[in-house]
Amino acid sequence: MRTLLLASVNGARSAADGPAVPMSPADLTESALAAVAVGAGEVLVHPRTPCGRESLSPRVVGPVLAAMRGAGVHVPLSVPVCIGAEPEPAGRLERVRSWTVLPDRAVVHFGEPGAGELARALLARGISVDALVPVGGPAGPEPMARFLAWPVREPGRVRLVVELAAADPALVAGLRGLPPVAVLVYGREAAAWPVLRLAARCGTGARTGVGDVLHLPDGQQARSNAELVAAARELIPRDAAATSGTTAANR
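These notes cover the structure that comes with them. Nothing here was measured: the structure is a model prediction, and the numbers come from that model.

## Re the pattern of salt bridges
Note on pairing: side chains with opposite charge can pair once their charged atoms come close. All chains considered together, the criterion is met by 12 salt bridges. Among the salt bridges present, the one from Glu154 reaches Arg157, with a minimum N-O distance of 2.5 Å. By relative accessible area, Glu154 is classed as partly exposed at 31%. Notably, a salt bridge pairs Arg188 with Glu163, separated by 3.2 Å at the nearest N-O pair. Taken together, the residues Arg188 in the loop between strand S7 (182-186) and helix H7 (192-202) and Glu163 in strand S6 (residues 158-164) connect sequence positions 25 residues apart. Beyond isolated ion pairs, a larger network of salt bridges with shared partners links Glu42, Arg105, Asp130 and Arg159.

Here it is in structure tokens:
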């Protein structure tokens, strides 16, 4: 089975991070189309206001999703429902309930307060949930503890998204025995490519894009999301071929 590869097309980046970062809805759409054309199976986008601020407003989220779908981005689209776009838990709930154009998936950070209630609200609206849990970094064990305490009543519509601080196989091995949901593993910056290789070897989903990393595996500056996705697709088959096919999700 082909490894799922998600493209994080802008993340928390700004125009100051360079020309590879798409900002406007038109640029985000063009970047997403190019990433899908070279192998991305899903797209994660951080909707932004014209001044560049992340937002969960239906007047911001809706047009971005509609533009992407209207232009032919026919893979699942996800948005983060996190503190960077709305600082208050009650505000995040209100925004989700006000959406008129819905993403396929939404990222809920289980290191932030109100994550369980927010995830339930998303599921109630028919939006699948990516439960984001940082592992091995300064966040400590609390986010994973919150996820494990949250009753996963719809495992087919919940995915565990693990941000690894380093490509430590022991950290992935520690995912065994968790709720039987799909798993996607990724890293940021210096950890991005080593963790992607680890994800391929372990058989989990993987993620790349300028939202996570701005350089290619050889250290050169990436010119686009498509260039990062193409590089990831070149790496994944080689690493995946060396495994026995056992996945972290098949625990």
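## Quick notes on unusual backbone geometry
A positive phi angle, close to 50°, is found at Glu189, a residue other than glycine. Mapped onto the secondary structure, Glu189 falls in the loop between S7 and H7.

## Some details on the side chain of Arg13
Here Arg13 lies in the loop between strand S1 (5-8) and helix H1 (25-37). Look at Arg13 and you get buried, because its relative accessible area is 10%. Apart from the residues within four sequence positions on either side, Arg13 is in contact with Val21, Met23, Arg48, Glu189, Val210, Gly211, Asp212, Val213 and Leu214.

## Side note on the sheet that holds strand S5 (residues 128-135)
Reading across from one edge, S7-S6-S5-S4-S3-S2-S1-S8 is the order of the 8 strands in this open sheet, with parallel pairing throughout. Both outer strands of the open sheet, S7 and strand S8 (206-208), are each paired with one neighbouring strand and no more. Between one strand axis and the next, the sheet turns by 25° as a mean value, whatever way the strands run. Bridge count for S1 against strand S2 (residues 42-44) is 3 bridges, and the pairing is parallel. Note that in S2 the partner of Leu6 across the bridge is Glu42.

## As for the layout of surface pockets
Each pocket or cavity is described by its volume, and for the second largest pocket that value is around 280 Å³. Lining the second largest pocket we find 21 residues, and of these His46, Pro80, Cys82, Leu132 and Arg188 sit closest to its centre. Going through the elements one at a time, strand S4 (105-109) and S5 are the ones with two or more residues in the lining of the second largest pocket.

Analysis parameters
- Residues numbered from 1 in each chain as written.
- Predicted model: local features only at pLDDT ≥ 70, side-chain atom pairs only at ≥ 80, totals over all residues.
- Heavy atoms only, no water.
- Salt bridge = Lys/Arg side-chain N within 4 Å of Asp/Glu carboxyl O.
- Buried < 20%, exposed > 50% of the residue type's maximum accessible area, 1.4 Å probe, protein only.
- Helix = DSSP H or I, 4+ residues; strand = E, 2+ residues; numbered from the N terminus.
- Contact = heavy atoms within 4.5 Å.
- Pairing = 2+ DSSP bridges.
- Axes fitted to C-alpha atoms, helices over the stretch in contact; angles between N-to-C directions.
- 1 Å grid on protein atoms, 1.4 Å probe; cavity = no way out; pocket = protein on both sides within 12 Å on 5 of 7 lines; lining within 4 Å.
- Points joined across faces, edges and corners; volume = space filled by probe spheres on them.

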